[in-house]
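# A closer look at the structure
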Amino acid sequence: MADVIYKKFRLGDVFEKLPVNKANKKDLKKYPDSEYCIPVVYAKYGDNGIMYWGRKNDFTTYNNVISIVYNGVISAGKVYAQERETGILAESYFIRVKNVDDIPFEANFFMAIIIEHVIYPKYSRENLATWDNRVENEEIMLPVVENTDNQIDYDYMKKYIGGLMESGYKKLGAFMERIGVKDCTSSPQ
């Protein structure tokens, strides 16, 4: 890929915090099934912040957004790209790029990594990563389309993440071939 130009952006100028009706913990399950099939974000480090599963239409959901955990002993400031329909229990919020309807998931993934790199070291349980007057004022560097006035380059982000994924798949395939695994589907013993 050619040289990429990065410019600094204030998060609140690029993203908006989304309104949500949160899930109720008593209506959630720890593991998914056919009825409880919507992932729910909580103050969790890892697993994309997903700690519970809920029923469709019991709470607000969004897909292809970014979730930010604002509270938690080790999870304050964790940022996750949520590709599929997802809800929130507590201690988190969703953001999405303003006025752009067709953001590739890979671009959200790319931006989530950059946002986390900036905010995770700064925020804690004692200094919550809330949006208003805090995270919205943080600045990140994003790639821009050449010869434009700060037009964020979502296509570059998509290609970059896609290239990393393709490379990873090739390495995994070579490793599996080297150890003699031809089929990696799991089946009950």
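Heads up: the structure comes first, above all this text.
Analysis parameters
- Residues numbered from 1 in each chain as written.
- Predicted model: local features only at pLDDT ≥ 70, side-chain atom pairs only at ≥ 80, totals over all residues.
- Heavy atoms only, no water.
- Patch = residues over 30% accessible without salt bridge, like charges linked within 9 Å, V, L, I, M, F, W, Y side chains within 5 Å.
- Areas by Shrake-Rupley, 256 points an atom, 1.4 Å probe, with all protein chains shown as cover.
- Salt bridge = Lys/Arg side-chain N within 4 Å of Asp/Glu carboxyl O.
- Buried < 20%, exposed > 50% of the residue type's maximum accessible area, 1.4 Å probe, protein only.
- Core = buried A, V, L, I, M, F, W, Y, C linked by side-chain atoms within 4.5 Å.
- Helix = DSSP H or I, 4+ residues; strand = E, 2+ residues; numbered from the N terminus.
- Contact = heavy atoms within 4.5 Å.
- Expected span 1.5 Å × (residues − 1).
- Polar contact = N/O pair within 3.5 Å; in protein donor to acceptor, adjacent residues only side chain to side chain.
- Pairing = 2+ DSSP bridges.

## Structural notes on a nonpolar patch on the surface
Together, L172, F175, I179 and V181 line one region of the surface with nonpolar side chains, adding up to about 330 Å² of accessible area. Taking the relative accessible area as the measure of exposure, L172 reaches 44% and is therefore partly exposed.

## Overview of the nonpolar core
F15, I66, I68, M111, I115 and V135 are the most contacted members of the largest nonpolar core, which totals 33 residues. Within the residue set of this core, elements represented by two or more residues are α1 (11–14), β5 (65–69), β6 (79–82), β8 (92–97), α2 (105–119), β9 (139–144) and α3 (154–179). Considering each element in turn, this core owes the most residues, 8 residues, to α2. Sequence-distant contacts of I66, that is, excluding residues within four places in its chain, are made with F15, V79, Y80, A81, Y93, F94, I95, N108, M111, A112 and I115.

## Section: the side chain of S92
Tracing the chain through its elements places S92 in strand β8. On the basis of relative accessible area, S92 is assigned to the buried category, the value being 2%. Leave out the neighbours within four places in its chain, and S92 touches K22, V41, Y42, A43, I68, V69 and Y70.

## Some points on the pattern of salt bridges
Inspection of the entire model under this criterion finds 12 salt bridges. The salt bridge partner of R10 is D13, with a shortest N-O separation of 2.8 Å. Looking at R10, the relative accessible area reads 24%, which means it is partly exposed. Where K56 meets E85, a salt bridge forms, and the shortest distance between an N and an O atom there is 2.7 Å. With a gap of 29 residues between them, K56 in the loop between β4 (50–55) and β5 and E85 in the loop between β6 and β7 (87–88) connect regions that are remote in the sequence. Residue classification places K56 among the partly exposed positions, given a relative accessible area of 45%.

## Notes on α3
Along its 26 residues, α3 runs 38 Å from first to last C-alpha, staying within 8% of the 38 Å computed at 1.5 Å per residue. Where α3 is concerned, the buried positions are Y154, Y156, M157, I161 and M176. At its buried positions, α3 is contacted by β1 (5–10), β8, α2 and β9. Its side-chain oxygen at 3.4 Å from the backbone nitrogen of D155, D153 defines the N-terminal cap of α3. Immediately downstream of α3, the backbone of G180 shows phi near 85 degrees, a positive value.

## Observations concerning the pairing of β4
Burial within β4 is extensive, with 5 of its 6 residues counted as buried. In terms of strand pairing, strand β3 (residues 36–41) meets β4 through 5 bridges, oriented antiparallel. Residue pairing across strands places V40 opposite Y52, the latter belonging to β4.

## Side note on α2
Given a rise of 1.5 Å per residue, 15 residues ought to cover 21 Å, and the 21 Å separating the end C-alpha atoms of α2 matches this to within 8%. For α2, the set of buried residues is A107, N108, F110, M111, A112, I114, I115, E116, V118 and I119.

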